[in-house]
Amino acid sequence: MYYIISHANPHTPAAILAKGCRLLPNIPPSFNDSNGDGIGDIPGITQKLDYIKSIGCNAIWLSPVFDSPFNDGGYDVADYKKVAPRYGTNEDLVNLFAEAHKRGMRVILDLVAGHTSVEHAWFKDSSKPSPNGYADRYIWLEPIWRERPAELTTVTGYAERNGAYVANFFWCQPALNYGYADPDPKNPWEKPLDHPECVATREALRDTMRFWLDKGADGFRVDMAQSLIRGHDEKKRIAALQTFWQGIRQWIDLEYPEAILVSEWSFPTYAIDAGFHVDFMLHFETIAYNSLFRNHRKELISSLPRGNTYFERSASGDIRQFADIYIEHYKATRNRGYISVPTGNHDSPPRLGEDRTPEELKCALLFLMMLPGIPFIYYGDEIGMRYMAGLPSKEGGYERTGARTPMQWDDKQNAGFSTAPETALYLPVEASPGKRTVTAAENDPGSILNFVRALLKLRKDNPALGSKGDIDFIYTKTAGYPLVFERKLGDQRFWVAVNPSATERKADWTCDISTPTPLVPTQGALDVQNGRAQITLPAGGYGLWRVR
Ligand code: NOJ
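It should be emphasised that the depicted structure is a prediction, and the values quoted were computed from it without experimental measurement. (Residues numbered from 1 in each chain as written. Predicted model: local features only at pLDDT ≥ 70, side-chain atom pairs only at ≥ 80, totals over all residues. Heavy atoms only, no water.)

**Details of unusual backbone geometry**
Trans peptide bonds make up most of the peptide bonds, and negative phi angles are found at most residues other than glycine. Heads up, the rule is: Secondary structure is summarised from DSSP: a helix means a run of H or I of at least four residues, a strand means a run of E of at least two, and numbering begins at the N terminus for each.
The omega angle of the peptide bond from Pro 349 to Pro 350 is -10°, so this bond is cis rather than trans. With respect to the helices, strands and loops of the structure, Pro 350 is situated in the loop between β13 (338–340) and α11 (358–369). Here the bond from Tyr 481 into Pro 482 is cis, since omega is 5°, no more than 30 degrees from zero. With respect to the secondary-structure elements, Pro 482 resides in the loop between β15 (470–475) and β16 (483–489). With a phi angle near 60°, Phe 70 is a residue other than glycine that sits in the positive phi range. With respect to the helices and strands, the residue Phe 70 is situated in the loop between β4 (66–67) and β5 (79–83).

**Topic: α11**
An α-helical turn contains 3.6 residues, so a residue and the one three or four places further along point in the same direction. Quick reminder of the rule: A helix is expected to span 1.5 Å for every residue after the first. Note on exposure labels: buried denotes an accessible area under 20% of the residue type's maximum, exposed denotes more than 50%, and partly exposed covers the range between, all computed with a 1.4 Å probe on protein chains only.
Look at α11: 16 Å from first C-alpha to last across twelve residues, which is about the 16 Å you get at 1.5 Å a residue. Across the twelve residues that make up α11, a large majority, ten, are buried. Regarding α11, the residues found buried are Glu 360, Leu 361, Lys 362, Cys 363, Ala 364, Leu 365, Leu 366, Phe 367, Leu 368 and Met 369.

**As for the site of the ligand**
Our working rule: A single heavy atom is enough: if one lies within 4 Å of a molecule or strand, its residue is considered near that molecule or strand. Distance and chemistry together define a polar contact, namely a pair of N or O atoms within 3.5 Å, with one atom able to donate a hydrogen and the other to accept it when in protein, and with adjacent residues in sequence counting only for side-chain atoms on both sides. Using the Shrake-Rupley algorithm and a 1.4 Å probe, accessible areas are obtained, with residue cover drawn only from the displayed protein chains. For this classification, the nonpolar set comprises Ala, Val, Leu, Ile, Met, Phe, Trp, Tyr, Cys and Pro, the charged set comprises Asp, Glu, Lys and Arg, and every other residue, Gly included, is treated as polar. Start and end positions for the domains come from either an automated domain assignment or a database one.
The immediate surroundings of the ligand are formed by 13 residues, with Asp 72, Arg 221, Asp 223, His 346 and Asp 347 found nearest. One of the side-chain nitrogen or oxygen atoms of Arg 400 is found 3.0 Å away from an oxygen atom of the ligand. Here the ligand loses 98% of its free accessible area of 290 Å² to cover by the protein chains. Its residues assigned to classes, the shell around the ligand shows three nonpolar, three polar and seven charged. Summarising the domain contributions, the shell around the ligand has at least three residues from each of domain 1 (2–112 + 341–457) and domain 2 (115–175).

**Some points on the packing of aromatic side chains**
Put simply, the rule is: Put simply, two rings from Phe, Tyr or Trp (the six-membered ring, in Trp's case) pair if the centres are within 6.5 Å, and we call them stacked under 30 degrees between planes, edge-to-face over 60, tilted for the rest. As a reminder, the over-ring test applies to NZ of lysine and CZ of arginine, requiring each to be within 6 Å of the ring centre and within 35 degrees of the ring normal.
If you walk through the whole model with that rule in mind, you get 37 aromatic pairs. Geometrically, the ring pair formed by Phe 169 and Phe 170 is tilted, given 4.8 Å between the ring centres and 35° between the ring planes. Judged by relative accessible area, which is 39%, Phe 169 ranks as partly exposed. Taking the relative accessible area as the measure of exposure, Phe 170 reaches 21% and is therefore partly exposed. Grouping aromatic residues by their ring pairs yields a cluster made of Phe 293, Tyr 310, Phe 311, Phe 322, Tyr 326, Tyr 330, Phe 367, Phe 473, Tyr 481 and Phe 485. Stacked on the ring of Trp 122, the Lys or Arg Arg 137 has its end atom at 5.0 Å from the ring centre.

**Quick word on the packing of α11 against helix α13 (residues 448–461)**
Using the following cut-off: Inter-axis angles, ranging from 0 to 180 degrees, are taken between N-to-C directions of lines fitted to C-alpha atoms, where helices are fitted over the stretch in contact. Put simply, angles under 35 degrees are roughly parallel, angles over 145 are roughly antiparallel, angles from 65 to 115 are roughly perpendicular, and the rest are oblique. Handedness of each helix crossing follows the sense of rotation of the near helix against the far helix: counterclockwise by less than a right angle gives left-handed, clockwise gives right-handed. The contact criterion used is simple: two residues touch if any of their non-hydrogen atoms lie within 4.5 Å.
Their axes nearest at 10 Å, the elements α11 and α13 cross at an angle of 20°. Here α11 lies roughly parallel to α13, going by the angle between them. Judged by the twist between their axes, the crossing of α11 over α13 is right-handed. Residue-level inspection shows Pro 358, Leu 361, Lys 362, Leu 365, Leu 366 and Met 369 of α11 in contact with α13, the latter providing Ile 448, Phe 451, Val 452, Leu 455, Leu 456 and Arg 459. Class assignment of the residues belonging to the contact of α11 with α13 gives a composition of ten nonpolar, no polar and two charged.

**Description of the environment of Glu 442**
Note on placement: Glu 442 falls in helix α12 (residues 438–442). With 59 residues separating them in the primary sequence, Glu 442 and Ile 383 have C-alpha atoms 9.6 Å apart.

**With respect to the pairing of strand β17 (residues 492–498)**
Heads up, the rule is: Any two strands with at least two DSSP bridges between them are considered paired.
Burial analysis of β17 places six of its seven residues in the buried class, the great majority of the element. In this antiparallel pair of consecutive strands, β16 and β17, the connection spans two residues, and Gly 490 shows a positive phi of 55°.

**Concerning the sheet that holds strand β8 (residues 154–155)**
Pairing is antiparallel across the open sheet formed by three strands, whose spatial order is β7-β9-β8. Edge positions in the sheet fall to β7 (140–141) and β8, since each of these pairs with one other strand and no more. Both β7 and strand β9 (residues 164–166) contribute to a ladder of two bridges, which runs antiparallel. Of the residues in β9, the one forming a bridge with Trp 140 is Tyr 165.

**Concerning the domain arrangement of the protein chain**
Here is the rule: The salt bridge criterion pairs a side-chain nitrogen of Lys or Arg with a carboxyl oxygen of Asp or Glu, the two atoms within 4 Å.
Taken as a whole, the protein chain is organised into domain 1 (2–112 + 341–457), domain 2 (115–175), domain 3 (285–327) and domain 4 (470–547). Counting from both sides, the interface comprises 22 residues of domain 1 and, opposite them, 14 residues of domain 3. Scanning the region where domain 1 abuts domain 3 turns up two salt bridges. As a salt-bridge pair, Glu 360 and Arg 313 come within 2.7 Å of each other at their nearest N and O atoms. Linking domain 1 with domain 3 are ten residue pairs in polar contact (both at pLDDT 80 or more).

**As for the pattern of salt bridges**
Applying the stated criterion across every chain, the model contains 39 salt bridges. For the salt bridge of Arg 453 with Glu 442, the shortest nitrogen-to-oxygen distance reads 2.9 Å. Of this pair, Arg 453 sits in helix α13 while Glu 442 sits in helix α12, placing them eleven residues apart in sequence. The class of Arg 453 is buried, set by a relative accessible area of 16%. In this structure, the salt-bridge partner of Lys 488 is Asp 472, at a minimum N-O distance of 3.1 Å. Linking Lys 488 in strand β16 with Asp 472 in strand β15, this pair joins segments that are 16 residues apart in sequence. On the accessibility criterion, Lys 488 (28% relative accessible area) is partly exposed. Among the residues examined, Asp 472 registers a relative accessible area of 37% and is labelled partly exposed. Each of the salt bridges in this network shares a partner with another, and the network as a whole consists of Asp 472, Glu 486, Lys 488, Arg 493 and Asp 512.

Now the structure itself:
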């Protein structure tokens, strides 16, 4: 589960997202088990809406809740129109939408647009040896013995059809056929975008979207949005992909003007141009995200791990690995869409809280919650949940499994997640969560949870700190600790400073302000005199000031 945040005019989708903080619970099996069978479910999420709202979040994103053999945590959908029985029923999901709406909250579903499960009826038909209406719904290279291009992940021997199918991710996720931007006539499996079966795939996607939007869903996070259209020339491929998504956005704007499209593309410049309201800045296309919190755990992260980690005591990171790329995308998308730098997600081991102290976590969360765009909080990050290293893989999670463990609600059995016997739990609960439970955090005014609440309230009350406030990095020097940046909108201005290193750090810069007012408990000092600002932050220190 994830929570999201935003603030603005409630009548447009981007505004809905721009309107405060949205905390999106992802990973339904791990959030709250309402019927004691050991696995989280949709009624369990509904029971916790008030908690999510209390953080200051106004939307939730559910990772896939549809029928599936769960070979990849549900990202292998067998029926897009049926809730997986383990999570409840379609009625339960409709009820979640209704209960969220009553509270002014939104629910976004995960749209696994690029592939299905091998169990999906379309694929079962497509796999048959005799041609039928679904033969080209997936990409098949025939016959099975032919030479196959190395860049394609192909699977042979799965079905009686005399061919190899192209997989999008794991073997069990055959790629849906949306066509090639520049098909090579020598390769018969490369269909043009207007091939009837590619058009049918596109229509089927709209049909799925319409099905859930009509039932009250508020939009979608689109899985691997950048993967749908294939091609040889990357420029042509991206252009065709953007045309494809722009078509979806035009249709959405017309028929479901309040719906939200969030992409897992990780290249906001392309994704916002393609019509998405929000794009995550994750680890696929840019190195920026991992350089913030995760590069020191290179063995856990597969995509483009380069450089060091900025939020790390050893202070070997370079914030410009993030800031330069972020600013480039920010400038290219400002006023047209939003970038989200999530606290984490179900694909990003380890969790932010892995080995950080509560104060170090506050330092990291201050940075994240004070960025423009849309904050996304991965469930449990608001209470500092840990990564459980070494767990056996569950449902295709591998290293990701340890970041998907049950939410820690209180000090009761299974940390309040489920009344099932421990042995029946979807995944084990952290052995001694101690203060890392919601109840403990509620009772501690200095908890991470209450800190996040205060930050989200500041975001809500001050447009300059919200989604549309501008950002300027002030102090991002080589080996630059602390990091200082400004948020501003109209005549509101704020400075944010963080020092994730293990030693005291100082910085100074010229400025045109005279009065800084601290807004969160700040260790260290900010002194402004005669057009010069000087800051000293102790190890792990942070601060937020209103400046005039
Ligand atoms: C990205 C999802 O976030 C991840 O969990 C999944 O394994 C792949 N896409 C394949 O759908």
